[in-house]
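Here's the letter readout for the chains.
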Amino acid sequence: MEAVVSTQSTWKQWYQRRVHGSSGINAEYMGDKPNVSKNDLASKIGGMYDVKDAKTVFLFGFRTQFGGGSSRGFCLIYDTLEYAKKFEPQYRLVRAGLAEKPSGSCKQRKELKNRKLKKRGKEKTKLG
């Protein structure tokens, strides 16, 4: 597997390095695999940028080229795991195993929110 990075920039205010551009990461692989594993690609990119913890590398938006053999996507590399938890969206943290998925369905959470809007004080805390 070969990973080619098109553009890389450092964002000091978010404590991260962005791998972006028109193609971001272009992963080329051989064999019978339909696409490349994100864990393998994260460890490969972690080695390229001297990352201490592979959990601080977030890969997303990958598209497999028709016919196989190549995939393109984007990558964010955070300085520490704390900064990753602070700035990364919740759904990506859940995918990476760094956060818990909210319990209950979307409809249950929305109904509870609307019930809480109608109550005040101690009654609101009794609802949940």
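Residues numbered from 1 in each chain as written. Predicted model: local features only at pLDDT ≥ 70, side-chain atom pairs only at ≥ 80, totals over all residues. Heavy atoms only, no water.

(A) Highlighting the overall build of the protein. Helix and strand content of the protein: five helices and four strands. Long-range pairs, those at least 24 residues apart, make up 47% of the contacts in the protein with a sequence separation of at least 6. Accessible surface, the protein: about 9,200 Å² in total, of which carbon and sulfur atoms supply 50%. (Helix = DSSP H or I, 4+ residues; strand = E, 2+ residues; numbered from the N terminus. Contact = heavy atoms within 4.5 Å. Areas by Shrake-Rupley, 256 points an atom, 1.4 Å probe, with all protein chains shown as cover.)

(B) Broad picture of the confidence of the model for the protein. Looking at the protein, pLDDT values average 84 and 85% of them are 70 or higher. Across the protein, element-level confidence peaks in helix α4 (residues 106-118) with a mean pLDDT of 95 and bottoms out in strand β1 (residues 2-11) with 64. (pLDDT = per-residue confidence, 0-100.)

(C) A look at the pairing of strand β4 (residues 70-78). In terms of burial, β4 is a largely internal element, seven of the nine residues being buried. In this sheet, β4 lies alongside strand β3 (residues 57-64) in antiparallel orientation, the contact comprising six bridges. Note that in β4 the partner of F60 across the bridge is F74. Here β3 folds back onto β4, and the loop between the two strands holds five residues, one of which, G67, carries a positive phi near 100°. (Buried < 20%, exposed > 50% of the residue type's maximum accessible area, 1.4 Å probe, protein only. Pairing = 2+ DSSP bridges.)

(D) Up close: the environment of L93. If you trace the backbone, L93 turns up in helix α3 (residues 90-96). Sequence separation between L93 and K55 is 38 residues; the distance between their C-alpha atoms is 10.0 Å. Every residue in contact with L93, bar those within four places of it in the chain, is listed here: F58, A84, K85, E88, L98 and A99.

(E) Molecular detail of the side chain of S70. Here S70 shows up in strand β4. Side-chain polar atoms of S70 contact the side chain of N26, separated by 3.0 Å. Here S70 is in contact with N26, A27, E28, Y29, R63, T64 and Q65, once residues within four sequence places are set aside. (Polar contact = N/O pair within 3.5 Å; in protein donor to acceptor, adjacent residues only side chain to side chain.)

(F) Expanded view of the environment of V57. Residue placement: V57 occurs in strand β3. Overall, the relative accessible area of 8% leaves V57 in the buried class. Along the backbone, V57 and L81 are 24 residues apart, and their C-alpha atoms lie at a distance of 9.4 Å. Setting aside residues up to four positions removed in sequence, V57 forms contacts with A42, V51, C75, L76 and I77.

(G) Here's a closer look at the pattern of salt bridges. Inspection of the entire model under this criterion finds one salt bridge. Note that R92 and E88 form a salt bridge whose closest N and O atoms lie 2.6 Å from each other. Neither R92 nor E88 differs from the other in exposure class; each is buried. (Salt bridge = Lys/Arg side-chain N within 4 Å of Asp/Glu carboxyl O.)

(H) Layout of the nonpolar core. Formed by 14 residues in total, the largest nonpolar core has its most connected members in I25, L41, I45, V57, L59, C75 and I77. Look past the residues within four positions of L59 in its chain and what remains in contact with it is I25, K38, L41, A42, I45, F74 and C75. Of all hydrophobic cores here, the second largest spans seven residues; its members include F60, L76, Y78 and L98. (Core = buried A, V, L, I, M, F, W, Y, C linked by side-chain atoms within 4.5 Å.)

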